[in-house]
Amino acid sequence: MMKIVIAQPPIRDFYQSPHRHSAMGSLTVQKILEEAGHSITLFNFPSHSGEIHTPPLPRELNYLKAFLITDEKGPVTWFRQRKHFGPSFNDCCQQILSASPERVMISCLAWCYAEEAVLLAKELKKHSPDLPLDIGGAGVSVNPDWFRKTGLFEKVRCGEAEKNMTDLPGVKEESHMITPVLSPAYRAQGKLQYSTMLTRGCPYRCQFCANHLTHGRNFRKIAIEDLLILLEQTHQEEFHLNLEDDNLLADADYFCQFLDSFHFRYPGATLSAENGLDYRHLTHAIINKMIDSGFIRFNLSMASTDSQILSDQNRTGQQELLSDVLFYLKQNQIPAVTYFICGLEGDSLESVSRNLLFLASHPTEIGISPFYAVPGLPGFDKPGDNSLPESPALYCGSSVWPWNKNLTTAQLITAFRLSRFINLLKSENRFLWQNLIQKTLETCRLHTICGSKENKALIEVPLMDNKMSEIVIKNLPENLI
Ligand code: SF4
């Protein structure tokens, strides 16, 4: 049996959150290979706290320079700098080689981080040219040829780990439909936090969603008992568990059974689903059960309020139901964040403004997800072909590239900043930012704070779409202004 290192490469982006780097895929690979008898060391480099650098902005992102206010502070900021999260590639390489692996399996969790995976592979090949390298993950599954062409990898593994490693000694064909895994804990808000997935796959066909490209459309679930066994091994009673499923509510009966079993065993634990809950499946009865079982916040996916845009994306929406869910959560004093996608095909300045104003008038924080292309989505088949840009860095949501050419980068950033401004108006801390709020409301122009502590200045944000700002700010609900 082999000594194998699994490596989650550092990533370069404008932000990161612990949930994004729970490394569910790498943990799945680890579990399958350990069950097959291999000796595994897993390095999740983006989670190495304190290892953050600021590399120069790559040339292909130069269009963002005009929008970055590097000394910006406060509650309505966009991003300031693109960072490298994790040790340097050389340090990663040294750490990996010190484990004396016979094979290294690199995980690329999204296509937008493909360059980082390749930079790590190049560093490893420089120091250990004969070491076999494999690569897998969602980023690989959507554009495997790009990785093959680098000539760095012995194996380019597409799709799910349960199916794509059967060539390795001891790995049984489809040993699990899906492998139950639990992320290592980190501490936040006074509690240990874990992540897991109960289910994988989603039977729906929203055109903007790329989950099926790796997970397929077949909805599968783990045995609830298997997760309880994993939780038992932590020896914790009061913790927070984040559920990272594609569509947790696709089988409501199963989800309710999970809530019953989980809460019965862990009455002091709390729950959330940061990837978003499909509000279309929520009823008062399910919400009550979720709250009673430990759900402390609801992250809801709205996509859009525009019925034509939704229908073109193969998605349905029910604004009355979403309203009802949000007011019901408020009645129960449960905070909500509702996400919409900005820059869908058919989106316009007006439709984005309507999304912002709908959410402004409801008891929810606004979450905005700029649309980003993923190779394999309709119209975005192959990076580099048909005038599609090749650089993976452009495919980050935070790069706000105008994929559908209907909204500019400036408009996407304006919408992002307006969502933060509305969140500030709803926040308990708004009294701390009176000048900023006043100036923005008076002028209908986005403002922000920049400069050092002693030398703070209130400035108008340059290059914003003032027409969008005006439509939104002039039509804000009375109770917010
Ligand atoms: S319901 Fe959610 S997970 Fe399913 S296809 Fe639509 S966006 Fe993707």
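Note that this is a predicted model, so its numbers are computed, not measured.

Around the ligand, the neighbouring residues are Cys202, Tyr204, Cys206, Phe208, Cys209, Asn211, Asp246, Asn247, Arg280 and Arg315. Broken down by class, the residue content of the shell around the ligand amounts to five nonpolar, two polar and three charged.

Applying the stated criterion across every chain, the model contains 24 aromatic pairs. Measuring from ring centre to ring centre gives 5.0 Å for phenylalanine 239 and tyrosine 266, while their planes differ by 70°; the resulting arrangement is edge-to-face. Placement of phenylalanine 239 in strand β14 (residues 239-243) and of tyrosine 266 in the loop between α9 (252-265) and β15 (270-272) is noted, with a sequence separation of 27 residues between them. An angle of 80° between the planes, with centres 6.2 Å apart, marks the rings of phenylalanine 255 and phenylalanine 295 as edge-to-face. In this pair, phenylalanine 255 is assigned in helix α9 and phenylalanine 295 in the loop between α10 (284-292) and β17 (298-303), connecting sequence segments 40 residues apart. For the cation-ring pair, arginine 265 lies above tyrosine 266, with the distance from its terminal atom to the ring centre recorded as 4.2 Å. We note arginine 280 situated over the ring of tyrosine 204; from NZ or CZ to the ring centre the distance is 5.5 Å.

If you check the backbone angles, serine 100 has positive phi at about 50° while not being a glycine. Within the secondary structure layout, serine 100 lies in the loop between α2 (89-98) and β7 (103-107). Overall, the relative accessible area of 45% leaves serine 100 in the partly exposed class. A positive phi is found at asparagine 314, a non-glycine position, where the angle reads about 70°. Relative to the elements of secondary structure, asparagine 314 occurs in the loop between α11 (307-312) and α12 (319-331).

Conventions and cut-offs
Residues numbered from 1 in each chain as written. Predicted model: local features only at pLDDT ≥ 70, side-chain atom pairs only at ≥ 80, totals over all residues. Heavy atoms only, no water. Near = heavy atom within 4 Å. Nonpolar A, V, L, I, M, F, W, Y, C, P; charged D, E, K, R; others polar. Phe/Tyr/Trp six-rings, centres within 6.5 Å; stacked < 30°, edge-to-face > 60°. Helix = DSSP H or I, 4+ residues; strand = E, 2+ residues; numbered from the N terminus. Lys NZ or Arg CZ within 6 Å of the ring centre and 35° of its normal. Buried < 20%, exposed > 50% of the residue type's maximum accessible area, 1.4 Å probe, protein only.

Scope: geometric values only; no functional claims are made or implied.
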